[in-house]
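# Chains, contacts and geometry: an overview
Each chain, written out:
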Amino acid sequence: MPAPRCASCHKARAALRRPRSGQALCTTCFCAAFEAEVLHTVVAGRLLPPGAVVAVGASGGKDSTVLAHVLRELAPRLGISLHLVAVDEGIGGYRDAALAAVRRQAARWELPLTVVAYAELFGGWTMDAVARSTAGSGRSRSCCTFCGVLRRRALEEGARRVGATHVVTGHNADDMAETVLMNFLRGDAGRLARGGGLGSPGEGGALPRCRPLQLASQKEVVLYAHFRRLDYFSEECVYAPEAFRGHARDLLKLLEAARPSAVLDLVHSAERLALAPAARPPPPGACSRCGALASRALCQACALLEGLNRGRPRLAIGKGRRGLDEEGSPREPQPSGPPTSEPIPGF
Amino acid sequence: MLWQVLEGLSQDSAKRLRFVPGVVFADEGAACGQSPEDRAKTLAEAKLVLQTVGFPWHIVALEEVFSLPPSVLRCSAREPVGTEGAYKAAVDSFLQQHHVLGEEKQSRPCPQHPQGRAGPPTAGQTEALSRLFNSVKTLTAKEELLQTLRTHLILHVARTHGYSKVMTGDSCTRLAVKLMTSLALGRGAFLAWDTGFSDERHGDVVVVRPMREHTLKEVAFYNRLFAVPSVFTPAVDTKAPEKASIHRLMEAFILRLQAQFPSTVSTVYRTSEKLVKAPRDGCAAGTPGPRCLLCMCVLDVDTADSATAFGAQTSSQLPQTQPPVAEAEAPTVSCCHSGMGRAQHCCRMEADPRACDPRACVTAQLCYGCRVNMKDLVSGGPSPAREQAGAGLGLRLRSPGTSGSSLLQPSLDPLPPYILAEAQLRSQRAEAEQEIQERLLEAEDGARPGATSAEQAHEDGARPGATSAEQEGADGL
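On a predicted model such as this, the values are computed, not experimentally measured, just so you know.

### Notes on the overall build of chain B
On a plain count of helices and strands, chain B comes out with 18 helices and six strands. Expressed as a percentage of its 477 residues, the buried residues of chain B come to 51%. Restricting to contacts in chain B with at least 6 residues of sequence separation, those with at least 24 account for 76%. Accessible surface for chain B amounts to roughly 22,200 Å². Of this, 55% is attributable to carbon and sulfur atoms.

As structure tokens, this is what we get:
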């Protein structure tokens, strides 16, 4: 049976049905609709004012690739200029290939690229070293906790280096839905209160961040990348299977199968959550070490690094922050270089 | 829970409860597709339990929703409670619950005659109910519809018999599942009402959940240790595959996660305690907006083109070339949407205000979650195209029009009449308000005496008080 005609231009044969509305569209019309929606999100949400210098967090994956591509198309209309910022977490066998993809993209699109490495910023701690450090605790390694916080800091630093006024990341609707599910399952009222909007306006010296793809579902992002023949890196991070987010992701897949609009329903719920004032995070101040935005004495990145340096990686995770106030732990802090392989304990 | 109430009311309890309870049992066999013999058997078992408990009891069948008055959907003002603590409470015990009984309480005197219904529901009503439930495509929407109708029915019973509170037996586990399910259904704005301790959105009758701190496991152990008999009836999702509905999925997911991380349920419960019954920061204060027709919460939808999830689904952006098929419908739907952000008035064509599509009118009065459920309500045969093909005018401007097949016209007929009547009334009232507003503005510029008779005829059904005031205003000029 031949494909039906495109519902929009009625000339070409339809190439897909939009997951959201079931409407049949040809490739050109779909891409145009996708770009129009992103433009609408940015304009209606007043996310990127004209004249903004925008740092795009580029990981080489499909979301950031599509984001960079769409923003590049829309840049003349919005009056913004783009810089690509890539973060090198030091995950062997994964990040190198992804960075190669980013370099190719930067070359093809002629956008300036800056690479920021963990090893350089955080005193030699790469993600592999962090993983080794947290490996022996018997519980899950919680690599993603470290990586997420440190990556945000690295992105911010990279954006400052290029003189950006805004930071954009490629989170899509599925990411937002997974986040709200995950936060409820873990009881993270602070993050629930903070999340849900289109991004943060940037308080206390932090750059404003936003997520233009927030209302686009993951399927459409993949389809767009496919139709525009974008070159991206599509493998999963080596540490991803251990993450709690995996549970939320599986649940989301099932929910989407039961009801296709579940993803946007979750995003709508997240936007409308009303949490008690006591549960909301305290107004942000500045970190005592690095001066970045922090709701406590130490920002999360400094707290995590402190824990790593003291040899107690779980210090800043969960309820263990009390230990941060102690000074002079028995072990020597190691300010430079990752730890060498740990001695095997003998019994 | 019944047992706990019994204990609390007994002479020898330390802190004696001071209310007079009644028990309501809702028979939903028709919705679940049970045969009349099974239903009779369940009813007999339930009656046995209820008689031994000793409280006045009421058995209502779900078919009675077809004879509910539209006032059920209105939020009445709360009557002032008496100064002492003597208030009545209606205790709700229904299917799959762990009913309470004790053999040692046999010596209690029999209560006054039980107030059952007049008689079993008529075959016509049963047939109408099954038609309603068969016209719903997905199990998720069925479960939601069942819950809504059950709530309305119990509310009605409580109001007619003068009860001011309804207690339900939801345990901690069930509330945690309910919270996550509500999230997934788009009801994030109303979580505090759906899963909190007290739910007072109906005005005079308050729904309370006293069992919300007990986990299901505790309840099971309690029932076993105290030999509490329970009545088992199949529900609408019994024996359904796990992926059939969002409710099933969530329940299975949470129970599975609980096995791996034993603190899951209590974590979700603690988080639910931190929710408040207020709109999100931006839109606080002021008069609360219009309420949803079905769930009676304040509406949580934005204007159509905002940069939110709702806006994304109802965006009026069309691709460059407008499809000719949808063009005739476009003005209708777009003016429906343009009005959505303000008062709830359905779209008004220039000529005839009553020619608007009834489905769009009803949909405009629903909250986000109820709208998504309503989309699954389609009458007639199976849909030829995708599931969303039949959704038509309700929400999506990009209504798919595959050139070959015809658009299914979704119909609201199977819905119980009280819902349709209330929807009609609200939309008429809103239209009348809108007209009054417009007339007032024009009257300031210059009187238009010719229009007054038309207004009066239009507003007769809605607000006689306002009409006379308006008349005076027009005459004065």
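Once the structure has been displayed, the description carries forward.
### Focus on the overall build of chain A
On a plain count of helices and strands, chain A comes out with twelve helices and ten strands. Scored against the burial criterion, the 347 residues of chain A give a buried share of 53%. Partitioning the intrachain contacts of chain A with sequence separation of at least 6 by distance along the chain shows that 68% fall at a separation of at least 24. When the accessible area of chain A is evaluated, it comes to approximately 15,400 Å², of which 53% is carbon and sulfur surface.

### Here we look at the pairing of strand 2 (residues 57-61) of chain B
For a regular strand, the rule is simple: side chains alternate between the two faces of the sheet. Residues and elements named next belong to chain B. Of all the five residues making up strand 2, five are buried; the element is thus mostly covered by neighbouring parts of the structure. Neither face of strand 2 is open: one carries Trp57, Ile59 and Ala61, the other His58 and Val60, and all of them are buried. Alignment of strand 1 (residues 19-27) against strand 2, held across five bridges, turns out to be parallel. Of the residues in strand 2, the one forming a bridge with Asp27 is Ala61.

### Looking at the side chain of B:Asn373
Along the chain, the position of B:Asn373 falls in helix 15 (residues 368-374). Aside from chain neighbours lying at most four places away, what touches B:Asn373 is A:Arg259, B:Ala141 and B:Glu144.

### Brief notes about the domain arrangement of chain A
Residue and element names in this part refer to chain A. Here chain A is described as being made up of domain 1 (36-274) and domain 2 (284-320). Taking only C-alpha atoms, the centre of domain 1 and the centre of domain 2 are 22 Å apart. The interface is formed by 18 residues belonging to domain 1 together with 14 residues belonging to domain 2. Summing both partners gives a buried area of about 1,400 Å² for domain 1 against domain 2, and 69% of it is carried by carbon and sulfur.

### Details of the sheet that holds strand 7 (residues 199-200) of chain A
Sheet strands line up and pair through hydrogen bonds in the backbone, either parallel or antiparallel. Residue and element names in this part refer to chain A. Taken together, the six strands give an open sheet; going across it, the order is 5-4-3-6-8-7, and neighbouring strands pair in mixed fashion. At either margin of the open sheet sits one strand with a lone partner, and together these are strand 5 (113-117) and strand 7. Two strands pair when backbone bridges link them, and strand 3 (residues 53-57) and strand 4 (residues 81-88) are joined in this way by five bridges, in the parallel orientation. Bridged to Val54 within strand 4 is Leu82. The strands touched by helix 3 (residues 95-109) within the sheet are strand 4 and strand 5, with strand 4 carrying the most contacts at an inclination of about 165 degrees. Contacts from helix 6 (residues 143-162) reach strand 3, strand 4, strand 5, strand 6 (166-168) and strand 8 (209-210), with the element oriented near 140 degrees to strand 4.

### Here we look at the UniProt feature "binding site: ATP" (unreviewed entry) in chain A
All names here are of chain A. Here, the residues flagged by UniProt with the feature "binding site: ATP" (unreviewed entry) are Gly57, Ala58, Ser59, Asp63, Val87, Gly170 and Asp175. Its place among the elements puts Gly57 in strand 3. Apart from residues no more than four positions distant in its own chain, Gly57 is found in contact with Ser64, Val85, Leu155 and Val168. In this structure, Val87 sits in strand 4. Owing to a relative accessible area of 7%, Val87 belongs among the buried residues under this scheme. Each residue touching Val87, except ones within four places of it in the same chain, is listed here: Ala58, Arg95, Val116, Tyr118, Arg151, Ala154 and Leu155.

### Comments concerning the pattern of salt bridges
Using the criterion set out here, one finds 21 salt bridges over all chains in the structure. A salt bridge links A:Asp63 to A:Lys62, with the shortest nitrogen-to-oxygen separation between them at 3.5 Å. By relative accessible area, A:Asp63 is classed as buried at 14%. The partner of B:Arg209 in a salt bridge is B:Asp170, and the shortest N-O contact between them spans 3.7 Å. Residue B:Arg209 is found in the loop between strand 6 (206-208) and helix 8 (216-225), and its partner B:Asp170 is found in the loop between strand 4 (165-167) and helix 6 (172-184); the two are separated by 39 residues along the sequence.

### Describing the nonpolar core
B:Leu62, B:Val65, B:Phe133 and B:Leu149 are the most contacted members of the largest nonpolar core, which totals 52 residues. Of all the secondary-structure elements, those providing two or more residues to this core are strand 1, helix 2 (29-32), helix 4 (123-134), helix 5 (139-160), helix 15 and helix 16 (417-445) of chain B. At ten residues, helix 5 of chain B tops the list of elements feeding residues into this core. Excluding its chain neighbours within four sequence positions, the residues that come into contact with B:Phe133 are B:Ala31, B:Leu62, B:Lys142, B:Leu145, B:Leu146 and B:Leu149. A:Leu192, A:Leu275, B:Cys172 and B:Leu185 belong to the second-largest nonpolar core, a separate cluster that totals 45 residues.

### What about the packing of helix 6 of chain B against helix 10 (residues 264-273) of chain B?
To characterise two packed helices, one gives the angle between the axes of the helices and the distance between these axes. Residue and element names in this part refer to chain B. Put simply, helix 6 and helix 10 touch, their axes get as near as 9 Å, and they point 70 degrees apart. Judged by the inter-axis angle, helix 6 sits roughly perpendicular to helix 10. The two elements helix 6 and helix 10 meet at a crossing, and its hand is left-handed. Residue-level inspection shows Cys172, Thr173, Ala176, Leu179 and Met180 of helix 6 in contact with helix 10, the latter providing Val265, Val268, Tyr269 and Ser272. For the contact of helix 6 with helix 10, the per-class residue count stands at seven nonpolar, two polar and no charged.

### Quick word on the packing of aromatic side chains
Residues and elements named next belong to chain A. Under the definition given, this model contains seven aromatic pairs over all chains. Among the aromatic residues, ring-to-ring pairing joins Phe30, Phe34, Tyr224 and Phe227 into one connected group. If you follow Arg186 out to its NZ or CZ, it ends over the ring of Phe244, 5.3 Å from the centre.

### Side note on unusual backbone geometry
One non-glycine residue with positive phi stands out, namely A:Arg46, at about 50 degrees. Residue position: A:Arg46 is located in the loop between helix 1 (27-44) and strand 3. The backbone phi angle of B:Met296 is positive, close to 60 degrees, even though this residue is not glycine. Along the polypeptide, B:Met296 turns up in the loop between helix 10 and helix 11 (309-313). Residue classification places B:Met296 among the buried positions, given a relative accessible area of 1%.

### With respect to the pairing of strand 3 of chain A
Residue and element names in this part refer to chain A. The buried fraction of strand 3 is high, at five of five residues. Neither face of strand 3 is left uncovered, since the one carrying Val53, Ala55 and Gly57 and the one carrying Val54 and Val56 both have all their residues buried. Handedness of the crossover is the feature at issue here: the chain leaves strand 3, passes through helix 2 (residues 62-78), returns alongside strand 4, and the resulting connection is right-handed. Both strand 3 and strand 6 contribute to a ladder of three bridges, which runs parallel.

Reading the values: the criteria
Residues numbered from 1 in each chain as written. Chains lettered and ligands numbered in written order. Predicted model: local features only at pLDDT ≥ 70, side-chain atom pairs only at ≥ 80, totals over all residues. Heavy atoms only, no water. Helix = DSSP H or I, 4+ residues; strand = E, 2+ residues; numbered from the N terminus. Buried < 20%, exposed > 50% of the residue type's maximum accessible area, 1.4 Å probe, protein only. Contact = heavy atoms within 4.5 Å. Areas by Shrake-Rupley, 256 points an atom, 1.4 Å probe, with all protein chains shown as cover. Pairing = 2+ DSSP bridges. Domains from an automatic or database assignment. Buried area = accessible area lost by both parts, 1.4 Å probe. Axes fitted to C-alpha atoms, helices over the stretch in contact; angles between N-to-C directions. UniProt positions renumbered as here; feature names shortened; annotations may be inferred. Salt bridge = Lys/Arg side-chain N within 4 Å of Asp/Glu carboxyl O. Core = buried A, V, L, I, M, F, W, Y, C linked by side-chain atoms within 4.5 Å. Parallel < 35°, antiparallel > 145°, perpendicular 65-115°, else oblique. Left-handed = near helix turned anticlockwise from the far one by under 90°. Nonpolar A, V, L, I, M, F, W, Y, C, P; charged D, E, K, R; others polar. Phe/Tyr/Trp six-rings, centres within 6.5 Å; stacked < 30°, edge-to-face > 60°. Lys NZ or Arg CZ within 6 Å of the ring centre and 35° of its normal. Right-handed = clockwise from strand over helix to strand, strands pointing away.

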